[in-house]
Amino acid sequence: MTSERTGGSAPDVRRASSPPRGRDRVLDRFLADSTPVVAGGRAILLQIADPVVAAGVRRHSDFARRPQQRLAHTLMYIYAVMLGSPSDAAIATSFVHRAHAPVTGADDADRQLWVAATLYDSALRAHEAFGDPVPQELAQRVLAAYEPIGVALRVPAGRWPDSVAAFERYWTGTIAGLQVTDDARAVVRDLLHPRFAPLWVRAAMPLVRIVTVGMLPDAVRAQYGFAWGPRERRRYARVTAGVRRFRAVVPGPLRRLPGPLLLRQMRRIAKQYLSH
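Residues numbered from 1 in each chain as written. Predicted model: local features only at pLDDT ≥ 70, side-chain atom pairs only at ≥ 80, totals over all residues. Heavy atoms only, no water.

Caption draft 1: Representation of the pattern of salt bridges in the model. Counted under the stated rule, the structure contains 16 salt bridges. As a salt-bridge pair, R141 and D24 come within 2.6 Å of each other at their nearest N and O atoms. One end of the pair, R141, is in helix α7 (residues 136–152); the other, D24, is in the segment before α1 (25–32), and 117 residues separate them in sequence. With relative accessibility at 22%, the residue R141 sits in the partly exposed group. (Salt bridge = Lys/Arg side-chain N within 4 Å of Asp/Glu carboxyl O. Helix = DSSP H or I, 4+ residues; strand = E, 2+ residues; numbered from the N terminus. Buried < 20%, exposed > 50% of the residue type's maximum accessible area, 1.4 Å probe, protein only.)

Caption draft 2: Highlighting the side chain of T118. Tracing the backbone shows T118 in helix α6 (residues 109–130). By relative accessible area, which is 0% here, T118 ends up buried. Among the polar contacts listed, one links the side chain of T118 to the backbone oxygen of V115, at a separation of 2.7 Å. For T118, the residues in contact, after removing those within four places along its chain, are A43, L46, Q47 and W171. (Polar contact = N/O pair within 3.5 Å; in protein donor to acceptor, adjacent residues only side chain to side chain. Contact = heavy atoms within 4.5 Å.)

Caption draft 3: Quick look at helix α10 (residues 199–215). For α10, with 17 residues, the first-to-last C-alpha span of 25 Å sits near the 24 Å given by 1.5 Å per residue. Along its length, α10 reaches its greatest deviation from straightness, about 45°, at M205, and the proline P206 lies no more than four positions downstream. Of all the residues in α10, the buried ones are V201, M205, I210, V211, T212, V213, G214 and M215. (Expected span 1.5 Å × (residues − 1). Bend = angle between axes of the 7 residues up to and from the residue.)

Caption draft 4: Inspection of the confidence of the model for the protein at higher detail. Across the protein, the average pLDDT comes to 86, with 86% of residues at 70 or higher. Across residues 1–21 the pLDDT falls below 50, and counting only partners more than four positions away or on other chains, this stretch makes 50 contacts in the model. (pLDDT = per-residue confidence, 0-100.)

Caption draft 5: Molecular detail of the packing of aromatic side chains. On inspection of all chains with the given rule, the structure shows 10 aromatic pairs. Note on F167 and W171: the rings are 5.7 Å apart at their centroids and 20° apart in plane angle, and the pair reads as stacked. Of this pair, F167 and W171 both sit in helix α8 (residues 164–177), 4 residues apart, which is roughly one turn of the helix. Ring geometry for W228 versus Y236: centroids 5.9 Å apart, planes at 65°, classification edge-to-face. On the accessibility criterion, W228 (22% relative accessible area) is partly exposed. Judged by relative accessible area, Y236 falls into the buried class, the value being 16%. Grouping aromatic residues by their ring pairs yields a cluster made of W114, Y120, Y146, W160, F167, Y170 and W171. Taking NZ or CZ as reference, R221 lies 4.3 Å from the ring centre of W228, over its face. (Phe/Tyr/Trp six-rings, centres within 6.5 Å; stacked < 30°, edge-to-face > 60°. Lys NZ or Arg CZ within 6 Å of the ring centre and 35° of its normal.)

Caption draft 6: Region of interest: the nonpolar core. Within the largest apolar cluster, 64 residues are counted, with the highest numbers of intra-cluster contacts made by Y77, Y120, V142, Y146, I149 and Y224. With sequence-adjacent residues up to four places away left out, I149 is seen in contact with Y77, I78, V81, M82, A116 and L119. By size, the runner-up hydrophobic cluster in this structure holds 9 residues, among which are A129, F130, V211 and V239. (Core = buried A, V, L, I, M, F, W, Y, C linked by side-chain atoms within 4.5 Å.)

Caption draft 7: Focus on the packing of helix α2 (residues 40–47) against α6. At a closest axis distance of 9 Å, the pairing of α2 and α6 adopts a crossing angle of 145°. Taken as a pair, α2 and α6 cross one another with a handedness that is right-handed. Across the interface between the two elements, R42, A43, L46 and Q47 from α2 touch W114, V115, T118, L119, D121, S122 and R125 from α6. Its residues assigned to classes, the contact of α2 with α6 comprises 5 nonpolar, 3 polar and 3 charged. (Axes fitted to C-alpha atoms, helices over the stretch in contact; angles between N-to-C directions. Left-handed = near helix turned anticlockwise from the far one by under 90°. Nonpolar A, V, L, I, M, F, W, Y, C, P; charged D, E, K, R; others polar.)

Caption draft 8: Summary view of the layout of surface pockets. Computed from the structure, the second largest pocket encloses a volume of approximately 1,100 Å³. What lines the second largest pocket is a set of 35 residues, among which V37, V38, L71, W200 and V208 lie closest to the centre. Elements with a contribution of two residues or more to the lining of the second largest pocket: α2, α4 (67–83), α9 (182–192), α10, α12 (230–249), α13 (252–255) and α14 (258–275). Here the lining of the second largest pocket gets 8 residues from one element, more than from any other, and that element is α10. Its residues assigned to classes, the lining of the second largest pocket comprises 25 nonpolar, 6 polar and 4 charged. (1 Å grid on protein atoms, 1.4 Å probe; cavity = no way out; pocket = protein on both sides within 12 Å on 5 of 7 lines; lining within 4 Å. Points joined across faces, edges and corners; volume = space filled by probe spheres on them.)

Caption draft 9: Spotlight on a positive patch on the surface. Taken together, the side chains of R233, R234, R235 and R238 define a basic patch exposed on the protein surface. Relative to the helices and strands, R235 resides in helix α12. Judged by its relative accessible area of 34%, R235 falls in the partly exposed class. (Patch = residues over 30% accessible without salt bridge, like charges linked within 9 Å, V, L, I, M, F, W, Y side chains within 5 Å. Areas by Shrake-Rupley, 256 points an atom, 1.4 Å probe, with all protein chains shown as cover. Lys, Arg positive; Asp, Glu negative; His and termini not counted. Charge placed at Lys NZ, Arg CZ, Asp CG, Glu CD.)

Here's what the structure looks like:
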């Protein structure tokens, strides 16, 4: 892939928020469903399998001390850009660009395209693993809905794949070129074995580790050096089945509740920031 940069120009807020989708309630429900949260670790491990992303994250992030806050901020950004108002999208985008400002390579279009792609692919994989298979037609609509995630990250218009088939070609080619470095492994240690996280986070980590490792593509899992034999596959199958059963009894409105709550929290943070 060739590297493109935008020169640090501000993104078009109108393009950094999803266009009105009329009455596409199926798509809206899909985007608001919190099931992809389970695949958050997978998305991060895929992102940092790019050496440039891994180096930036290791030098400028704090997974060891605040993993739950990092996840919340990522979810705020996704919900704001895809489901929030243009004002929500602008606020979330400004926060992201401020955080990226000191990070070398953070404005590289290839890297930001990859980051956005991992979020889309992980959302589909989560629904397939813990919910229901995503029909091709819905996957295409979801793909279009995720384009503003990349645009808000300064991916030039036209770089986002315009079809599921084009995305799969991009995904396969990029996966083949990933290289897990020592920077990535250091981030993974902090992410999957957080020493300073709250007790409830550390208590959940054994299940998080099983799901995260199990959802990785085989080639990436092997590069990280994770064990993946019959015992690990059985554990992953049991956990997947348990999460699927739990999700099946959670009412849809409850699964969609995190989005509005996180948007409300983001607006409070923005208001406090502007008041100082």
